[in-house]
Amino acid sequence: MEKLKSAVPESLKRMVADSNPEGLSSTSSSLLDFLLTLPQFHQTLRDLVDPETALCGKNKDAALASKQKGNQCYSTGDYHTALACYTQALRVAPIDAADMDKNLVATLYLNRASLLQKVGLLAECLRDCTRALQISPDYAKAWYRRGKANAALGNYKDAFDDLNIAKNTELSLGGKRQIDNELKLLVDQHNCTSNTQIECTEEIMGNLDELHQNKLSCVSMPDKGRGMVSQCDIPQASLVHKEEPYTLVILKSCRETHCHHCLNELPADKVPCTACSIPLYCSHDCQVQAGGEKLYSHQKKVGSDKNHLSNPEVDDAKVMLCCDSDINVESIPEHRHECLGVNWPVALPTDVILAGRVMAKFISQQRGVMQSNLQRILDLSHNYSRITPESKLELHIYAIVLLWCLQHAFGFGLPANGIFLSQIVILICQIRVNSMAIFHMKSVDINGVEDQFGKFSSNRDISTYSVEQVKVGQAIYAAGSVFNHSCQPNIHAYFLSRTLFIRTSECVEAGSPMELSYGPQAFTNFLFTIDKIEGSSNSKIGFSFTGWSNGL
């Protein structure tokens, strides 16, 4: 973009520098007219939106190469590299690609499942097997592998079901005999093992979702504009606000380590987008919620009809496998308009990508008919008149580039005029002023050593964990943005996954402004220990939390 800015004539730069919100349509129109005559501008657009020159699309040859390298590393015991290779192959493999009469993606999920089982990650192995079966329901090896994982987890009924379906779908006599032997071993194992179920509880921080019915008012303040004020006395540590983001985007530094939808750390069985190679998700649910496609059977595309068995057990299992959790896909289609294998979603700055996601949501709600002002979507301050001339020019150029990228994404013409461009300029400015950085807490075992699969090992009975903040995303919270800043705040903001929580850090009297620190949260002596009780299967988790302070 620096080359585009340097190409703008000085007279036009002065016009942009002197512009105000009321005259933005004129400067936006003039800059657009100039850029449309500039060959360099059109080349920039081609680099951003042409899937033929992009590095974010699917590529079967690259997937096969990564698969082969993963197989080689697996055979030599280099499991860490093998896992990375299988995940990269899944990231670039076309969903309908074939590999030796099998769906390539299903084969890759099964290969990774085998590796995950090898290193003891049984739950992750189970999930990868299920993903392979969602694509290829008659995949006998996937049923067999899932049955073995269920047996190791103590899920004996599911293991019997999976192995029986594997036996019915297996074509070779040798394979059927092997599965018969596994079923006999499973019976013996089941008879010798108690069927005690371990119940997982989430008592830690379990009361965080209980929003106190404290009433807040949005008022106009003479020195800070709009802000939140308490209508009643509020005790310390009360939850006063909880909000899902209007939209968010993961930071570039966390793209390989955190889920692109919920922002939680990625597990070993990462789930890629089915249509492009940009995002990674912690689960198929997150992938679908972000706007991706659901996994479904591609059996007929890659398998011959004579090998497709019509089996009631398998048909019932297909229905079961295709059941997803209750997801409102239309509510948060954040990635759908970017999912074209093009470069602009990874090349443009975070605030511009956020503006694109806000506009995409707005366009989807309007069903492509632009009937209202973009500035009213968020109804937030923008401070355009206070920004530097260089920033004004940058905003103008990014607004024009973003408009062309969205036109390409939606396949129809958005208004390419000064009025609409001026609204995009203000929208990006609103995001720069009001977006919130999402921080997650990362715990580090200061006694243990992290192994290649992210698990900690320690010979001590008591492990001590330190906690640090990691900036993982940028988001727009329409109501959360109204809380003003103070160097002596009385509220504290934190995040669980995508959700914003705000709690009082002291007792707040009725009529007092509710203000937080926009700077980083400096945690003091935030440690917790896990006590391993000798001779017991139970673990006691204790927290020591001595408070927080806010810094600028």
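Residues numbered from 1 in each chain as written. Predicted model: local features only at pLDDT ≥ 70, side-chain atom pairs only at ≥ 80, totals over all residues. Heavy atoms only, no water.

### Some remarks on the nonpolar core
In this structure, Val 105, Tyr 109, Leu 115, Cys 259 and Tyr 281 are the most contacted members of the largest nonpolar core, which totals 58 residues. Counting residues per element, the ones that place at least two in this core are helix 5 (60–75), helix 6 (79–92), helix 7 (104–118), helix 8 (122–135), helix 9 (140–152), helix 10 (156–169), helix 11 (173–192) and strand 8 (280–281). Element by element, the count of residues in this core is highest for helix 7, at 9 residues. Counting residues in hydrophobic clusters, the runner-up holds 54 residues, among them Leu 24, Phe 34, Met 359 and Ile 424. (Core = buried A, V, L, I, M, F, W, Y, C linked by side-chain atoms within 4.5 Å. Buried < 20%, exposed > 50% of the residue type's maximum accessible area, 1.4 Å probe, protein only. Helix = DSSP H or I, 4+ residues; strand = E, 2+ residues; numbered from the N terminus.)

### As for the sheet that holds strand 3 (residues 216–221)
In spatial order, the strands read 3-4-16-13; together these 4 strands make up an open sheet with mixed pairing. The two strands at the open ends of the sheet, each matched to only one other strand, are strand 3 and strand 13 (484–485). Bridging between strand 4 (residues 225–230) and strand 16 (residues 513–516) involves 2 bridges; their strand directions are antiparallel. When the sheet's bridge partners are listed, Val 229 is paired in strand 16 with Pro 513. (Pairing = 2+ DSSP bridges.)

### Focus on the packing of aromatic side chains
If you walk through the whole model with that rule in mind, you get 4 aromatic pairs. Taking the centre distance of 5.9 Å and the plane angle of 40° together, the rings of Tyr 477 and Phe 495 count as tilted. Taken together, the residues span a long stretch of sequence, with Tyr 477 in the loop between strand 12 (462–476) and strand 13 and Phe 495 in strand 14 (residues 491–496) at a distance of 18 residues. Considered together, Tyr 477 and Phe 495 belong to a single accessibility category, that of buried residues. A ring pair is formed by Tyr 494 and Phe 501, whose centres lie 5.4 Å apart and whose planes are at 5°; its orientation type is stacked. There is no split in this pair, since Tyr 494 and Phe 501 are both buried. Positioned above the aromatic ring of Tyr 246, the side-chain terminus of Lys 361 is 4.3 Å from the ring centre. (Phe/Tyr/Trp six-rings, centres within 6.5 Å; stacked < 30°, edge-to-face > 60°. Lys NZ or Arg CZ within 6 Å of the ring centre and 35° of its normal.)

### Some thoughts on the environment of His 337
Following the sequence through the fold, His 337 ends up in the loop between helix 14 (312–321) and helix 15 (344–347). A residue is classified by how much of its surface remains accessible, and His 337, at 7% relative accessible area, is buried. Residues His 337 and Leu 406, 69 residues apart in the sequence, show an inter-C-alpha distance of 7.6 Å. Beyond its immediate chain neighbours, meaning those up to four positions away, His 337 contacts Trp 344, Gly 356, Arg 357, Ala 360, Leu 406, Ala 409 and Phe 410. (Contact = heavy atoms within 4.5 Å.)

### Thoughts on the sheet that holds strand 5 (residues 239–243)
Taken in spatial order, the 3 strands make up an open sheet running 5-15-14, and their pairing is antiparallel. Lying at the two open borders of the sheet, with one neighbouring strand each, are strand 5 and strand 14. Strand after strand, the sheet turns through a mean of 20° between neighbouring axes, direction not considered. (Axes fitted to C-alpha atoms, helices over the stretch in contact; angles between N-to-C directions.)

### Concerning empty space enclosed by the protein
Using the criterion set out here, one finds 6 cavities of 30 Å³ or more in the structure. Size it by volume and the largest cavity reaches roughly 110 Å³. Around the largest cavity, the lining residues are Val 249, Ile 250, Arg 255, His 260, Ile 278, Pro 279, His 335, Glu 338, Pro 345, Val 346, Ile 353 and Arg 357. Within the residue set of the lining of the largest cavity, elements represented by two or more residues are strand 6 (247–250), helix 15 and helix 16 (350–366). Here the lining of the largest cavity is built from residues that sort into 7 nonpolar, 2 polar and 3 charged. (1 Å grid on protein atoms, 1.4 Å probe; cavity = no way out; pocket = protein on both sides within 12 Å on 5 of 7 lines; lining within 4 Å. Points joined across faces, edges and corners; volume = space filled by probe spheres on them. Nonpolar A, V, L, I, M, F, W, Y, C, P; charged D, E, K, R; others polar.)

### Here's the deal with unusual backbone geometry
Of note, the phi angle at Met 100 is positive, near 55°, even though the residue is not glycine. For Met 100, the position within the fold is in the loop between strand 1 (98–99) and strand 2 (102–103). Taking relative accessible area as the criterion, Met 100 reaches 73% and is therefore assigned exposed. In the Ramachandran plot, Asn 383 falls in the positive-phi region, its phi being about 55° despite a non-glycine side chain. Residue position: Asn 383 is located in the loop between helix 17 (375–378) and helix 18 (389–410).

### Here's the deal with the pattern of salt bridges
Following the criterion strictly, the structure yields 19 salt bridges and no others. Close ionic contact of Lys 5 with Glu 390 constitutes a salt bridge, the shortest N to O distance being 3.7 Å. Of this pair, Lys 5 sits in helix 1 (residues 2–7) while Glu 390 sits in helix 18, and the two are 385 residues apart along the sequence. When salt bridges that share partners are traced, they join Glu 2, Lys 5, Asp 351, Glu 390, Glu 394 and Arg 432 into one network. (Salt bridge = Lys/Arg side-chain N within 4 Å of Asp/Glu carboxyl O.)

### Observations concerning helix 19 (residues 418–434)
Taking 1.5 Å of rise per residue, the 17 residues of helix 19 would be expected to cover 24 Å, and the 24 Å separating its terminal C-alpha atoms lies within 8% of that figure. By the criterion of burial, helix 19 is predominantly enclosed, with 14 of the 17 residues buried. Where helix 19 begins, the side chain of Asn 417 points an oxygen toward the backbone nitrogen of Ile 419, at a separation of 3.2 Å. (Expected span 1.5 Å × (residues − 1). Polar contact = N/O pair within 3.5 Å; in protein donor to acceptor, adjacent residues only side chain to side chain.)

### A word on the pairing of strand 14
By the criterion of burial, strand 14 is predominantly enclosed, with 5 of the 6 residues buried. Here strand 14 runs beside strand 15 (residues 499–504); their pairing, made up of 6 bridges, is antiparallel. What sits directly across from Ala 493, in strand 15, is Ile 502. Adjacent in sequence and paired antiparallel, strand 14 and strand 15 are bridged by 2 residues, among which Ser 497 carries a positive phi angle near 60°.

### A short note on helix 16
When the terminal C-alpha atoms of helix 16 are compared, their 24 Å separation across 17 residues agrees well with the 24 Å that a helix rising 1.5 Å per residue should span. Counting buried positions over the 17 residues of helix 16 gives 13, a clear majority of the element.

### Comments concerning the confidence of the model for the protein
Scored by pLDDT, the protein has a mean of 80; 77% of the residues are at 70 or more. Ranking the elements of the protein by mean pLDDT puts strand 19 (residues 539–545) last with 35 and helix 7 first with 97. Scored below 50 in pLDDT, residues 195–209 shows 14 contacts in the model against residues more than four places distant or in partner chains. When the criterion is pLDDT under 50, residues 456–462 qualifies, and its contacts beyond four places in sequence or with other chains add up to 20 contacts. (pLDDT = per-residue confidence, 0-100.)

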